[in-house]
Amino acid sequence: MLAPNPAFAASPAPVAPGGRADRAAADAARNAHAIALLAAARRADPAGRRRLHQRVVVEYLDLAHSIARRYRVRQQDAADLRQVACIGLAKAVERFDPDLGDDLVSFAVPTIAGEIKQYLRDTSWFVRPPRRLQELAIEVPAVREVLEQELGRAPRVAELAEVLHRPLALVAEAVQCHSARQAISLHTPIPGGSEDLTLADSLPYRESEYARTDLALTLERATRTLTSEERRIVRLRFEEQLTQSEIALECGVSQMQVSRLLASILQRLRAALNTDVARA
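Once a new chain begins, its residue numbering starts again from 1 and follows that chain's sequence as written. In keeping with the model being predicted, local features are shown solely for residues with a pLDDT of at least 70 and side-chain atom pairs are shown and tallied solely at 80 or more, while totals for entire chains, interfaces and linings include all residues. Here the side-chain values reflect all heavy atoms present in the structure, with hydrogen atoms and water set aside.

Draft legend 1. Fine view of helix H3 (residues 61-70). Listed in full, the buried residues belonging to H3 are Leu 61, Leu 63, Ala 64, His 65, Ile 67 and Ala 68. Those residues of H3 that are buried are in contact with helix H2 (46-59), helix H4 (78-95) and helix H5 (104-123). The rule is simple: take the accessible area with a 1.4 Å probe, protein chains only, and divide by the maximum for that residue type; under 20% is buried, over 50% is exposed, in between is partly exposed. In this text, helices come from DSSP runs of H or I with a minimum length of four residues, and strands from runs of E with a minimum of two, each type numbered from the N-terminal end. By the convention used here, residues are in contact when the closest approach between their heavy atoms is within 4.5 Å.

Structure, rendered in structure tokens:
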């Protein structure tokens, strides 16, 4: 996480009672005050310029935090994105020239958004997709938030693509890219499964060919002690995965007989395997 800056400790929101006209008037007054401070900063010494710039930054922290919320993907990103947005705001305040423009917000918004996009592009991917997908994936959350407010529901991929003016397949791929922004521990329990089963348990276990060959030869020697009918029962139970009742029907005996036969067979196989191991 980025180190906090004391200059960004407070975030006073502008007081704007009433309706849209009052808010517009308050925004205009705040902008005029910021422009006056920035004009004064150009005439001040370095220390005074820094203090005046910080006053403007603190005045517009709510803007930076609002933009940061648009790009948040995970809850744990929130604090980092707010600080990155504040860095972007500080850069915008430092670069803004009152002689070339009189609207600080219009200048600051793309600067803050650009700083956040660069941060996300450079630091937030565990698996890096192509650059064009990274940039598009960063834009998706902000567009999704706007559409959710307008539609009253989660937008479809086709609706996201229409607003972003990008091909549907490309937007769908960018949406899928979000899974590459965070790693999942192999010790995470499998959803809907037993609490004892984790994602690691679902990974295939690949034995070496030498180990498989050695095991096959050992079992082949052990099964030589069985009769043909006993080997058939072993094959039905452990290769074809039949139940004891199904084996009984197949062999024309009772389920109780199958159970006793399996117990006897396994006991003899264990003894044969233990003898083979002892000889090795």
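Draft legend 2. Layout of the pattern of salt bridges. Every case where a carboxyl oxygen of Asp or Glu lies within 4 Å of a side-chain nitrogen of Lys or Arg is listed as a salt bridge. Tallied over the entire structure, the rule returns twelve salt bridges. Asp 97 is the partner of Arg 42 in a salt bridge, and the nearest nitrogen-oxygen pair spans 2.8 Å. Remark: Asp 97 occurs in the loop between H4 and H5 and Arg 42 occurs in helix H1 (residues 20-43); sequence separation between them is 55 residues. When its relative accessible area of 46% is taken as the criterion, Arg 42 is described as partly exposed. One salt bridge in this structure joins Arg 156 and Glu 159, with 3.4 Å as the shortest N-O distance. Each of the salt bridges in this network shares a partner with another, and the network as a whole consists of Arg 42, Asp 97 and Asp 99.

Draft legend 3. Molecular detail of the packing of aromatic side chains. Here the aromatic set is Phe, Tyr and Trp, taking the six-membered ring for Trp, and pairing holds for ring centres within 6.5 Å; pairs whose planes are under 30 degrees apart are stacked, those over 60 apart are edge-to-face, and all others are tilted. Scanning the model with the defined rule gives one aromatic pair in all. Each ring, one from Phe 96 and one from Phe 107, has its centre 5.6 Å from the other, and the planes form 65°; the classification is edge-to-face. Within this pair, whereas Phe 96 is found in the loop between H4 and H5, its partner Phe 107 is found in helix H5, the two being separated by eleven residues in sequence. Its relative accessible area of 9% is what places Phe 96 among the buried residues. In this structure, Arg 30 packs its charged tip against the face of Tyr 60, placed 4.3 Å from the ring centre. Over a ring means this: the NZ of a Lys or the CZ of an Arg is within 6 Å of the ring centre and within 35 degrees of the ring normal. Cation over ring: Arg 237 sits above Phe 238, and NZ or CZ is 5.7 Å from the ring centre.

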